[in-house]
Amino acid sequence: MSPSRRLLLAGTGALLGTAALGGPGSPTVHAAPRRPALTNGEHVAALVIGTGYGGSVTALRLARAGVDVHLVEMGMAWDTPGPDGNVFANTTRPDHRSFWLRTRTKQPLSNFLGFPLDKDVPRHTGILDAEEFGGITVYQGRGVGGGSLVNGGMAVTPRRERFGAVLPSVNADEMYGTYYPRANAGLGVTEVDTRWWESASCYQYARVGRKHAERSGFPFVFVPNVYDWEYMKQELAGLVPKSALAGEVLYGNNHGKKSLQKTYLAQAKATGRVTVSPLHRVTSVAPAASGYTVVVEQLDTAGAVTATKSVTADRVFFAAGSVGTSKLLTRLKATGALPRLNDEIGRGWGDNGNVMCGRANHMWDATGKLQSAMPTAGIDNWDAGGAFAEVAPLPTGIETYASFYLSITKNPHRARFTWNASAGRVELDWQTAWKQPSVDAAKTIFDKINQKEGTIYRTDLFGAYKIWGDHLTYHPLGGAVLDRATDNYGRLHGYTGLYVMDGSLIPGNTSVNPFVTITALAERNIERIIADDLRRPG
Ligand code: FAE
């Protein structure tokens, strides 16, 4: 039986039902029984690799269409409190929960006042991976919920006139008419109450950022977020346990943030058709007599492999994130498991132009000792200078007189993943010097502000006497680009029943923070895949 025929039969009941493709708020059909983890030799209809934005959308929509889905996630479930009673560690006090299989932290802000901040931690399958390639460190979330567990929640839809440069092969009318609204609703995106914001002590840093931006003539824009603003108001009023106002973000939020665990994944599990296997890492996908054979390693919390399982799947959805999917596909093509993948695999990777910097303010421009870890605003100089700068918090708990920014810039460089056979690993050819266009773009904003305010750059945040955080990205994008490595809906060229659903589809830059675009694109693609590939017999 062909893969699509089997899947069609597996899902026939609900495919014919009316609720098959409801929006995120559609009624759910079943309660959510807890299903066992993946077992060796099992056959699954749809196997999804990774539980970030792409994977969560895929799971929900397939399940609502009546398809049984198995989500395979290399990170932990993050549903059990640690010895301190909290699931997640605080940003200012990293511990074993904080980093993915490291014995020393690698914090994005490595120094403060010239002193190194990193410290030894027990090796553990922690939540934030600082994955090091030759020229760049790529930060990624690890666990059920992917990047939604660790990110700042900034939920930004790109300006429509810029969309053509982001995803040139995608119909903008459909995205802005249907899929961006669907994604925003599914993610629980809302705007901050600006009246509250104007006087909230935890956003003094952002108001200082606005004053400086506007005095230099730059547009200052509020950006939506997935944080529960009513919860934050209660945090500030001292009525509930603090999360964003306790500086929680990088290693998870114990309260307030609507991560995917609370939105798409909760709805997906509630269908009763979705099983999640945490601490399971996919290492191989290859054609089988029917469908695909998928090899999966089960990990313990020290990162050791405790079992290797081989399962079959009618369809496999790669949603392991830009780096995870690109690494898997590059290796599987090069080592002969999936030789018919085309030469676009591994190409078109970019860092969304990320670059960080801090400015030292005058003593009369205090930024506040209490800073909400959830950013609310940015400085938009994209058209004139190629930079959109998020006014970011520096939640140290003390007054720093510092303004801190993460800029997203129009950086033209694109890197490529390749297989190094002698080293047995996938490498990325990004070079640190390629950040220079990003630094130049950010300087169009901050040189001007410094000149106007009579202020200087901080030199103590990224090392000794180093202004620019140019060694990292939070926003990896590309590596299996839409309409090149795949067709225009994420179907991998060369293999029926293999799909890419995550940030690797986007060619390197979204002009703003990326997760809303990743979610909206996944919504668009899975709708077409369900309609065309699952409803028609193969
Ligand atoms: P992602 O969310 O990374 O999910 C991939 C999942 O696959 C992960 O859970 C992996 O552990 C898992 N995985 C990887 N390999 C395997 C394998 N072989 N087997 C099984 N599982 C695997 O992918 N974006 C915004 O829009 N706004 C923000 O405010 C923002 N802040 C950020 C702050 C930080 C510190 C970081 C790190 C990122 C931030 N981002 C932000 C980026 C955003 O989280 C990221 O673009 C998305 O999470 C990417 O979504 P994907 O679905 O592509």
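This one's a predicted model, so the numbers in the text were calculated from it and none came from an experiment.

Asks: For this particular structure, what's the right way to read the nonpolar core?
Replies: As a rule of thumb, soluble globular proteins bury nonpolar side chains together. Counting 78 residues, the largest nonpolar core has Leu47, Val285, Val316 and Phe318 as its most contacted members. At ten residues, helix α13 (residues 515–534) tops the list of elements feeding residues into this core. Not counting the four nearest positions on each side in its chain, valine 316 is found in contact with Leu47, Ile49, Val285, Tyr292, Val294, Gly497, Leu498 and Tyr499. Core analysis: the second largest hydrophobic core is formed by 37 residues, Trp229, Val240, Ala244 and Val355 among them.

Asks: How should I be thinking about the side chain of serine 216 in this particular structure?
Replies: Tracing the backbone shows serine 216 in the loop between α7 (204–215) and β7 (220–222). The residues touching serine 216, leaving out its near neighbours within four places in the chain, are Lys448, Ile449 and Lys452.

Asks: Got a minute to help me understand the environment of histidine 124 in this structure?
Replies: With respect to the helices and strands, the residue histidine 124 is situated in the loop between β4 (115–116) and β5 (128–132). When the C-alpha positions of histidine 124 and arginine 97 are compared, they lie 6.7 Å apart, and in sequence the two are 27 residues distant. Residues within four places of histidine 124 in sequence aside, it is in contact with Met76, His96, Arg97, Phe99, Trp100, Leu101 and Thr301.

Asks: Which parts of the structure should I look at to understand the environment of asparagine 420?
Replies: Mapped onto the elements of the fold, asparagine 420 is located in strand β16 (residues 417–420). Taking the C-alpha atoms as reference points, asparagine 420 and alanine 441, 21 residues apart in sequence, are found 34 Å from one another. Leaving out residues up to four positions away in the same chain, asparagine 420 has contacts with Arg425 and Glu427. At 3.0 Å, the side chain of asparagine 420 and the side chain of glutamate 427 are in polar contact.

Asks: I keep staring at unusual backbone geometry and nothing clicks. Help me out?
Replies: Where the residue is not glycine, phi is negative for most of them; where a peptide bond is considered, it is trans in most cases. The backbone of tyrosine 401 sits at a positive phi, close to 55 degrees, despite the residue not being glycine. Considering the arrangement of structural elements, one finds tyrosine 401 in the loop between β14 (387–392) and β15 (402–409). Classification of tyrosine 401 as partly exposed rests on a relative accessible area of 25%. The phi angle at tyrosine 465 is positive, at roughly 55 degrees, despite the residue not being glycine. Topologically, tyrosine 465 is positioned in the loop between β18 (456–457) and β19 (472–473).

Asks: What exactly am I supposed to notice about the site of the ligand here?
Replies: In the vicinity of the ligand, 36 residues are found, and the nearest of them are Glu73, Gly147, Met154, Gly503 and Phe515. Within the backbone of methionine 74, an N or O atom sits 3.1 Å from a nitrogen atom of the ligand. At 3.1 Å from an oxygen atom of the ligand is found a side-chain nitrogen or oxygen belonging to asparagine 151. Burial of the ligand by the surrounding chains reaches 95%, relative to a free accessible area of 1000 Å². Of all the elements in the fold, those that place two or more residues in the shell around the ligand are α3 (53–64), β6 (137–141), β9 (280–287), α10 (321–334) and α13.

Asks: Before we go on, may I ask you to explain the sheet that holds strand β12 (residues 355–360) in this structure?
Replies: The pairing of strands in a sheet comes from backbone hydrogen bonds and takes either a parallel or an antiparallel form. Strand order in the open sheet formed by six strands is β7-β13-β14-β15-β12-β18, with antiparallel pairing between adjacent strands. Lying at the two open borders of the sheet, with one neighbouring strand each, are β7 and β18. As defined by bridge partners, β12 adjoins β18 across two bridges and the pair is classed as antiparallel. Its bridge partner being in β18, alanine 360 is matched across the sheet by isoleucine 456. Along the sheet face, α7 touches β7, β12, β13 (377–381), β14 and β15 and points at about 145 degrees away from the line of β7. On the sheet, helix α12 (residues 436–453) packs against β12, β13, β14, β15 and β18 and is oriented at approximately 10 degrees with respect to β12.

Asks: In this structure, what is going on with the sheet that holds β5? I would like to understand it.
Replies: What the three strands build is an open sheet, ordered β5-β6-β19; its pairing is mixed. Two strands close off the open sheet at either side, each with one partner strand: β5 and β19. Pairing of β6 with β19, which is carried by two bridges, proceeds in the parallel orientation. Each bridged residue has a counterpart across the sheet, and for threonine 137 the counterpart in β19 is leucine 472.

Asks: It is not clear to me how the pattern of salt bridges should be interpreted in this structure. Could you clarify?
Replies: Pairing between side chains becomes possible if they bear opposite charge and their charged atoms approach one another. For the structure on display, the rule yields 32 salt bridges. Among the ionic pairs, arginine 61 bridges to glutamate 523, the shortest N-O distance being 2.9 Å. With arginine 61 in helix α3 and glutamate 523 in helix α13, the pair connects residues that are 462 residues apart, well separated along the chain. We note a salt bridge from aspartate 120 to arginine 104, for which the minimum N-O separation is 2.9 Å. You can see aspartate 120 sitting in the loop between β4 and β5 and its partner arginine 104 sitting in the loop between β2 (69–72) and β3 (111–112), a full 16 residues away along the chain. Under the relative-accessibility criterion, arginine 104 is labelled partly exposed at 39%. One connected set of salt bridges, linked through shared partners, spans Arg159, Glu161, Arg162, Asp380 and Asp383.

Asks: Mind showing me how you'd approach the packing of α7 against α12 here?
Replies: Packed helices, taken two at a time, are described by the angle their axes make and the gap between the axes. Direction vectors running N to C along α7 and α12 enclose 90 degrees, while the axes themselves pass 9 Å from each other. Accordingly, the angle class assigned to the pair α7 and α12 is roughly perpendicular. Counted together, His212, Ala213 and Arg215 of α7 and Ile449, Lys452 and Glu453 of α12 form the full contact between these two elements. Across the contact of α7 with α12, the residue classes break down as two nonpolar, one polar and three charged.

Asks: It is not clear to me how α10 should be interpreted in this structure. Could you clarify?
Replies: Structural remark: α-helix, 3.6 residues per turn; residues separated by three or four positions point the same way. Here α10 is 14 residues long and its end C-alpha atoms lie 20 Å apart, about the 20 Å a rise of 1.5 Å per residue gives. Where α10 terminates, the next one or two residues include glycine 336, which has phi positive at roughly 95 degrees.

Parameters and conventions
Residues numbered from 1 in each chain as written. Predicted model: local features only at pLDDT ≥ 70, side-chain atom pairs only at ≥ 80, totals over all residues. Heavy atoms only, no water. Core = buried A, V, L, I, M, F, W, Y, C linked by side-chain atoms within 4.5 Å. Buried < 20%, exposed > 50% of the residue type's maximum accessible area, 1.4 Å probe, protein only. Helix = DSSP H or I, 4+ residues; strand = E, 2+ residues; numbered from the N terminus. Contact = heavy atoms within 4.5 Å. Polar contact = N/O pair within 3.5 Å; in protein donor to acceptor, adjacent residues only side chain to side chain. Near = heavy atom within 4 Å. Areas by Shrake-Rupley, 256 points an atom, 1.4 Å probe, with all protein chains shown as cover. Pairing = 2+ DSSP bridges. Axes fitted to C-alpha atoms, helices over the stretch in contact; angles between N-to-C directions. Salt bridge = Lys/Arg side-chain N within 4 Å of Asp/Glu carboxyl O. Parallel < 35°, antiparallel > 145°, perpendicular 65-115°, else oblique. Nonpolar A, V, L, I, M, F, W, Y, C, P; charged D, E, K, R; others polar. Expected span 1.5 Å × (residues − 1).

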